[in-house]
Amino acid sequence: ARPEFANRHGTVQGGMLAAMLDSATGNAIMARLPSHLTAVTTRLDTQFLKPAALGIITATARLIRQDERSAEVQAELNDSEGRLVATARAELRVRPRKN
């Protein structure tokens, strides 16, 4: 997280953390789909646990459930010292990729 992502308190703005979680959950399902399918987020429930300092933030995501039409993924963000700063649960719609 670079300085331009900071809020007025000098920590990472919540919208940026949500975007990181959205990317992590999307990448988790995309890694499991064949090339003719894609997935789009239909719901992202985010929980901010503590302020995230600028610097390295690591995302980890786990596929919880998947069928032919949808998926559920959980993700978390940890700061450079390994502290959990935010979590999310995402629901995604699996659909054919447009050419």
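Up top you'll find the structure we're talking about.
Now for a quick tour of the structure. Here the residue index of a chain counts from 1 through its sequence in written order. In keeping with the model being predicted, local features are shown solely for residues with a pLDDT of at least 70 and side-chain atom pairs are shown and tallied solely at 80 or more, while totals for entire chains, interfaces and linings include all residues. Calculated side-chain values reflect all of the structure's heavy atoms, with hydrogen atoms and water omitted.

### Let's talk about the nonpolar core
Piece 1. Residues grouped as a nonpolar core are buried Ala, Val, Leu, Ile, Met, Phe, Trp, Tyr and Cys residues, joined through side-chain atoms within 4.5 Å. Note on classification: 1.4 Å probe, protein chains only; a residue is buried when its accessible area is under 20% of the maximum for its type, exposed when over 50%, partly exposed between these limits. The biggest cluster of nonpolar side chains holds 11 residues, and these are Val12, Leu17, Leu21, Ala24, Ala52, Ile57, Ala75, Leu77, Val85, Ala86 and Ala88.
Piece 2. Of all the elements in the fold, those that place two or more residues in this core are α1 (14-30), β3 (70-78) and β4 (84-96).
Piece 3. Not counting residues within four places of it along the chain, the set of residues in contact with Ala75 comprises Leu21, Ala24, Thr25, Thr60, Ala61, Ala86, Thr87 and Ala88.
Piece 4. Ala28, Leu33, Ala39 and Ala71 belong to the second largest nonpolar core, which has 10 residues in total. In this text, helices come from DSSP runs of H or I with a minimum length of four residues, and strands from runs of E with a minimum of two, each type numbered from the N-terminal end. Between two residues, a contact is recorded if the distance between any of their heavy atoms is within 4.5 Å.

### What to know about the side chain of Ser70
Piece 1. For Ser70, the location among the structural elements is in strand β3.
Piece 2. Owing to a relative accessible area of 15%, Ser70 belongs among the buried residues under this scheme.
Piece 3. Polar contacts involving the side chain of Ser70 include one to the side chain of Arg65, which spans 3.3 Å.
Piece 4. Those residues in contact with Ser70 that lie beyond four places of it in its chain are Arg65, Leu92, Arg93 and Val94. As used in this structure description, the phrase polar contact means that two N or O atoms lie within 3.5 Å; if the pair is within protein, one of them must be able to donate a hydrogen and the other to accept it, and residues adjacent in sequence are counted only when both atoms belong to side chains.

### Some thoughts on the sheet that holds β3
Piece 1. Here 4 strands make up an open sheet; going across it, the order is β1-β4-β3-β2 and the pairing antiparallel. Edge strands, defined here as strands with exactly one partner in the open sheet, are β1 (37-48) and β2 (58-66). The sheet shows a mean angle of 25° between the axes of neighbouring strands, taken without regard to direction. DSSP calls a pair of strands paired once it identifies at least 2 bridges connecting them. Angular values range over 0 to 180 degrees, each being the angle between N-to-C directions of two axes fitted as lines to C-alpha atoms, with helices fitted over their stretch in contact.

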